[in-house]
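# A closer look at the structure
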Amino acid sequence: MSSDTETGTETRAQALVASYVRAGYARIDPPVLQPAEPFLDLSGEDIRRRMFLTTDPDGRELCLRPDLTIPVSRDYLASPQAGKPSGFCYLGVVFRHRHSAPAEFLQAGIESFGRHDKAAADAEMLALGLEATTQYGVGAPEIRIGDVRLFSAFVAALDLAPAWKRRLIKDFNRKTSLKHDLEQMTLATANGSKEYQGVLAALAGSDPKAAHHLVTDLLSIAGIATVGGRSVAEIADRFLEQSALNAPTRLPRETRALIERFLSIAGDPDDAAGELRTLAGDAKIALGPALDLFETRTGFLAARGVDVRAIKFATDFGRGFDYYTGFVFELQRGRGQRPLVAGGRYDGLLTRLGAKEPIPAVGFAASIDELSGNGGSGETKINGGAS
Amino acid sequence: MTAPLILAVPSKGRLQDNAENFFARAGLSLVKPRGARDYRGTIAGVDGIEIAYLSAAEITSQLAQGAAHLGVTGEDLVREMIPQSDERVVLITGLGFGFANVVIAVPQAWIDVRNMADLDDVATAFRLKHERKMRLATKYANLTRDFFAAHGVVDYRIVESSGATEGAPAAGTAEMIVDITTTGATLAANGLKVIEDGVILRSQANLVAARAAAWTKEQRETTRLLLDRIAAQKRAEAFSEVRTRFAGMNDGLLVAAREKFGVTSPFGGPTSSGMLTLHCPPGNVHALANFLREHGADAISVAALDYVYARDNPLYAKLAAELDKRA
C-alpha cells in the first residue's frame with residue numbers, strides 16, 4: 001500500500017466522521033488502553049484469545065481496545081450526560097488478532113444512547129451506515145437485517161419449560177447449537193438426574209411452595225449453605241424445575257415444526273412481517289409489540305429513502321454476539337463477503353456496565369480496511385463489539 | 001562434532017523418578033557426569049544425546065519452540081500451553097505414568113447439576129438472575145474454553161488460578177473449577193463433585209517430539225535407536241515367554257492357543273519334535289499352561305522378557321511419517 005492511498009483512506013475516513021458530526025454525533029476518542037473485564041464479561045471467553053492483554057503493577061488486567069462500543073459506552077456512563085439521549089461518533093484503531101490481516105485496524109462508527117423512539121433510531125443507524133458505503137463508492141451494497149427480539153418474543157410465547165426457553169434464546173446466535181437443541185428436545189427422554197427421578201416424580205404436581213421448602217430444608221439439614229454464588233433457594237428452584245421439565249419429556253412435534261417454520265421466514269421485511277402475522281394467527285400466539293416495532297422500523301427505513309424491497313431480512317439472522325437485543329444489520333459488497341458495516345441494538349449492555357436504569361442503545365461500526373478494499377482475508381466478523 | 005539430540009526430562013520429584021525408571025527399563029540409563037545438581041546429562045553408552053533437566057512446563061514450551069527435540073511431559077500441558085498442538089509437536093507414546101484427568105467440578109450442593117447440559121442451563125440462568133457470569137477458576141484456560149465452546153456453554157468467566165484451585169468455590173472467588181485430579185479425593189474434601197460428562201482430558205506423561213526442532217540426519221538416527229529400544233521394551237512388557245516341547249504340539253493346537261489366549265509364535269510353529277516358544281499376555285500364562293498340559297505337555301517354562309525386537313520400529317515410523325509430512 002503506497003502512502004498516497006493511505007492518505008486517501010485517511011482523508012475519506014475523516015470526511016465520513018465529519019458527516020457524522022454534522023448529523024449531530026459528538027466525536028469521541030476513548031483511551032486505547034482499557035480494562036479487560038468488560039470485554040471478557042460481555043463478549044464471552046472466546047474473545048480472550050483474540051485480544052491483546054496486559055497486566056498493570058496492581059494485577060489488573062488491561063487490553064488494547066478490541067472495539068469501540070464498550071469504551072464509548074463507558075465514557076458515556078461516566079459523563080454527566082449518562083442516562084440522557086446522546087450520540088457519539090468515532091474513528092480510531094482497534095486491536096484484534098486476525099489470521100491473515102493486520103491486528104491493528106481502523107474502525108469508524110456511531111453509538112446512540114438513551115433514545116426511546118427505537119424504530120426511528122434503528123432506521124437512522126442503517127441510513128448512516130449506508131453513508132459510509134457511499135463515501136467509499138460502494139454502490140448499492142447488500143443489506144441484511146435481523147431482529148433478535150422477534151425470536152425472543154416468539155420463544156416467550158411458546159408453551160415450553162423455562163429451561164428450554166433459556167436454552168433456545170442463548171443458542172439463537174449459534175446455529176449448530178440451535179439445531180442440536182431442537183433435535184435433543186424432540187428426542188429427549190429423561191433429561192434430568194436419574195438418581196433423583198423418584199423424588200422428582202413424587203414432588204411433581206405438589207404445591208410448589210411446600211416442595212421448595214422441603215428441598216431447601218433438606219439442603220440445610222445436609223449442612224449445605226450458599227456455595228460459590230448460587231444460593232440454596234436457587235438450587236432448589238432449578239431442582240424442582242427439572243421435575244416440570246421431566247413431566248412432558250419431549251418437545252411436541254408441532255412445536256418443533258412451528259419453531260422451524262418461524263426460523264425459515266425470510267425475504268423483504270414487508271413480506272416477512274405478513275408471514276409472521278399469519279404464523280402468529282395460526283399458532284394463536286402473540287408477537288405483539290415486537291412485530292409492531294419491526295413494522296414501524298420498516299416504515300422509517302422507507303422514509304429515509306432506503307429501498308425496502310432490496311433489504312434481505314431473515315428471522316434466523318443474528319450477528320453471533322449475545323448482547324444484541326433487537327435490530328441487527330450488516331452491509332456487504334455481496335453475499336458471502338465480509339461485512340463493510342455492521343451493527344445493532346444492545347439495550348441490555350449499559351445496565352451490565354453499571355447503569356442503574358436500562359438505557360436504550362444502538363450503533364454500528366464500519367471497517368475502513370474493508371471499505372477501501374484493503375481488508376485482509378480471514379475474519380468474517382468486523383466487529384467483536386456490541387454495535 | 002555435530003549437534004546432539006536434545007531430550008528434555010523433568011528435573012524433579014516423582015515425574016523425574018518415573019521418567020528415569022522408564023528410560024532405565026529400556027536400557028537407557030540417564031547420568032549426570034558433573035553431579036546430581038547438574039541440569040545437563042547424557043545417556044550412558046549412547047553418543048549424540050544431551051539430556052536437559054527442566055520443569056514440565058519449560059519442557060513443553062521448549063518443545064513448542066523446537067529448542068528440544070524430544071521431551072517427557074504431560075499431555076495436559078501440551079494441550080493447554082501449545083495452541084494447535086498437533087501442528088507443533090508429535091505425541092509419540094504414552095509412558096504409563098503421570099495419569100491425571102482434567103475435569104470440571106462444581107459444588108456438591110448443586111443437586112440439580114449432573115451434566116454439561118445442566119451446567120449450560122445453570123450458567124445462563126445465573127447470568128440472567130445476577131447480571132454477571134459464573135466464574136470458573138482454573139490453570140487450564142485454553143482447554144476449558146475449547147471444551148465449553150464445544151458444548152455451547154458461553155455464560156461463564158475464567159478466573160486464572162495459580163494456587164489451590166479446588167479451594168476457590170469455598171473461598172467465594174469462583175463458582176466452579178477445572179482442575180486435574182487422579183482419585184477425586186481432594187475435590188470431595190473441598191465439597192466438589194465432577195460432573196458426568198465433564199472429563200475434558202485423560203492425560204498421562206508422554207514422549208513428545210518437536211516438529212520445529214532442527215532434525216539432522218544424525219539426530220534422526222539417534223532418535224530411531226532410542227525409539228527402537230523403547231518399542232522393544234514396550235513389546236516385552238506386553239508378553240511373557242512360554243516354552244514347551246511335546247509330541248502333541250502341532251499347528252492345529254497353536255491356532256487354538258492363539259484364539260483362546262492371544263499368544264503369538266515369534267519364531268514360527270512347532271518343530272518336528274514339538275518344540276515351541278510362545279509370547280503370551282502375562283494375564284493368560286496360567287490358563288495357557290493348563291491348556292498345554294491338558295494336551296500333553298509335561299514341562300512348561302514361563303519367563304519375563306526384557307526386550308522383544310522386531311523388524312519394524314512402529315514408534316519411529318510414526319514420528320518419521322509426521323516429520324516428513326511437514327517437511
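Residues numbered from 1 in each chain as written. Chains lettered and ligands numbered in written order. Predicted model: local features only at pLDDT ≥ 70, side-chain atom pairs only at ≥ 80, totals over all residues.

### Observations regarding the overall build of chain B
- A tally of helices and strands in chain B yields 12 helices and 15 strands.
- Against the globule reference of 20 Å for 327 residues, chain B gives a C-alpha radius of gyration of 25 Å, more extended than a compact globule.
- Each principal axis of the C-alpha distribution contributes one length, and for chain B these read about 85 × 55 × 40 Å.
- Buried residues in chain B amount to 41% of all 327 residues. (Helix = DSSP H or I, 4+ residues; strand = E, 2+ residues; numbered from the N terminus. Rg over C-alpha atoms; globule rule 2.2 N^0.38 Å. Buried ≥ 20, exposed ≤ 12 C-beta atoms within 10 Å, placed from the backbone.)

### As for the nonpolar core
All names here are of chain A.
- By size, the foremost hydrophobic cluster in this structure holds 78 residues, and its most contacted members are Ala108, Ile110 and Ala366.
- The greatest single-element share of this core, amounting to 7 residues, is contributed by helix 4 (residues 118–135).
- Those residues in contact with isoleucine 110, other than ones at most four positions away along the chain, are Tyr20, Tyr25, Gly87, Phe88, Cys89, Met125, Leu128, Gly363 and Phe364. (Core = buried A, V, L, I, M, F, W, Y, C linked by C-beta atoms within 7 Å. Contact = placed C-beta atoms within 7 Å.)

### Some remarks on the environment of arginine 127 of chain B
Residue and element names in this part refer to chain B.
- Within the secondary structure layout, arginine 127 lies in helix 5 (residues 116–130).
- Here arginine 127 falls in the buried class, since 21 other C-beta atoms lie within 10 Å of it.
- C-alpha separation for the pair arginine 127 and tyrosine 156, spaced 29 residues apart in sequence, amounts to 8.3 Å.
- Aside from chain neighbours lying at most four places away, what touches arginine 127 is Arg132, Lys133 and Asp155.

### Notes on the sheet that holds strand 15 (residues 300–304) of chain B
Residue and element names in this part refer to chain B.
- What the 3 strands build is an open sheet, ordered 14-13-15; its pairing is antiparallel. A single partner strand is all that each edge strand has here, and the edge strands are strand 14 (275–280) and strand 15. On average, each strand axis in the sheet is inclined to that of its neighbour by 20 degrees, with strand direction left out of account.
- Alignment of strand 13 (residues 240–245) against strand 15, held across 5 bridges, turns out to be antiparallel. When the bridges of strand 15 are listed, arginine 243 appears paired with serine 301. (Pairing = 2+ DSSP bridges. Axes fitted to C-alpha atoms, helices over the stretch in contact; angles between N-to-C directions.)

### A look at the environment of arginine 145 of chain B
- Mapped onto the elements of the fold, arginine 145 of chain B is located in helix 6 (residues 141–150).
- Taking the C-beta count within 10 Å as the criterion, arginine 145 of chain B has 21 such neighbours and is therefore assigned buried.
- For the pair formed by arginine 145 of chain B and isoleucine 158 of chain B, sequence separation is 13 residues and the distance between their alpha carbons is 8.6 Å.
- Dropping the residues within four chain positions of it, arginine 145 of chain B is found in contact with Glu45 and Asp46 of chain A.

### A closer look at the packing of helix 10 (residues 251–261) of chain B against helix 11 (residues 285–294) of chain B
Residues and elements named next belong to chain B.
- In contact at an axis separation of 11 Å, helix 10 and helix 11 are set at 155 degrees when each is read in the N-to-C sense. With respect to each other, helix 10 and helix 11 are oriented roughly antiparallel. Classified by chirality, the crossing of helix 11 by helix 10 is right-handed. On helix 11, the residues touching Ala257, Lys260 and Phe261 of helix 10 are Ala287, Leu288 and Phe291.
- Class assignment of the residues belonging to the contact of helix 10 with helix 11 gives a composition of 5 nonpolar, no polar and 1 charged. (Parallel < 35°, antiparallel > 145°, perpendicular 65-115°, else oblique. Left-handed = near helix turned anticlockwise from the far one by under 90°. Nonpolar A, V, L, I, M, F, W, Y, C, P; charged D, E, K, R; others polar.)

### Brief notes about the interface of chain B and chain A
- Between chain B and chain A, the residue contacts involve 27 residues of the former and 27 residues of the latter.
- Of all elements in the fold, only helix 5, helix 6 and strand 9 (156–160) of chain B reach the threshold of two or more residues within the side of chain B that touches chain A.
- A total of 5 residues in the side of chain B that touches chain A trace back to one element, the largest contributor, which is helix 5 of chain B.
- Residues that form the side of chain B that touches chain A fall into these classes: 15 nonpolar, 4 polar and 8 charged.

### Details of unusual backbone geometry
- Unlike most non-glycine residues, lysine 284 of chain A shows phi in positive territory, near 55 degrees.
- Relative to the helices and strands, lysine 284 of chain A resides in the loop between helix 12 (269–283) and helix 13 (288–303).

### With respect to the sheet that holds strand 7 (residues 142–147) of chain A
Residues and elements named next belong to chain A.
- Strand order in this open sheet of 9 strands is 1-5-6-12-11-10-7-9-8, and the pairing throughout is mixed. The outermost strands of the open sheet, each flanked by one partner alone, are strand 1 (26–27) and strand 8 (266–267).
- As paired strands, strand 7 and strand 10 (residues 327–332) are joined by 6 bridges and run antiparallel to one another. Bridge pairing in strand 10 places arginine 144 opposite glutamate 330.

### Here's the deal with the confidence of the model for chain B
- On average, residues of chain B score 91 in pLDDT, and 99% of them reach the 70 mark or higher.
- At the level of chain-chain contacts, confidence expressed as ipTM amounts to 0.70, with global pTM at 0.78. (pLDDT = per-residue confidence, 0-100.)

### Comments concerning the domain arrangement of chain B
- Taken domain by domain, chain B holds domain 1 (5–98 + 204–235 + 313–326), domain 2 (100–203) and domain 3 (240–304).
- If you average the C-alpha positions of domain 1 of chain B and of domain 3 of chain B, the two centres end up 37 Å apart. (Domains from an automatic or database assignment.)

### Overview of helix 11 of chain B
Residue and element names in this part refer to chain B.
- The set of residues buried in helix 11 consists of Val285, Leu288 and Leu292. End-on view of helix 11: buried residues confined to an arc of 60 degrees, all on one side of the axis. The outward face of helix 11, more than 90 degrees from its buried face, is lined by the exposed residues His286, Ala287, Asn290 and Glu294.
- Buried-residue contacts for helix 11 involve strand 13, helix 10, strand 14 and strand 15.
- Of the residues trailing helix 11, glycine 296 is marked for its positive phi of about 115 degrees. (Arc of directions from axis to C-beta.)

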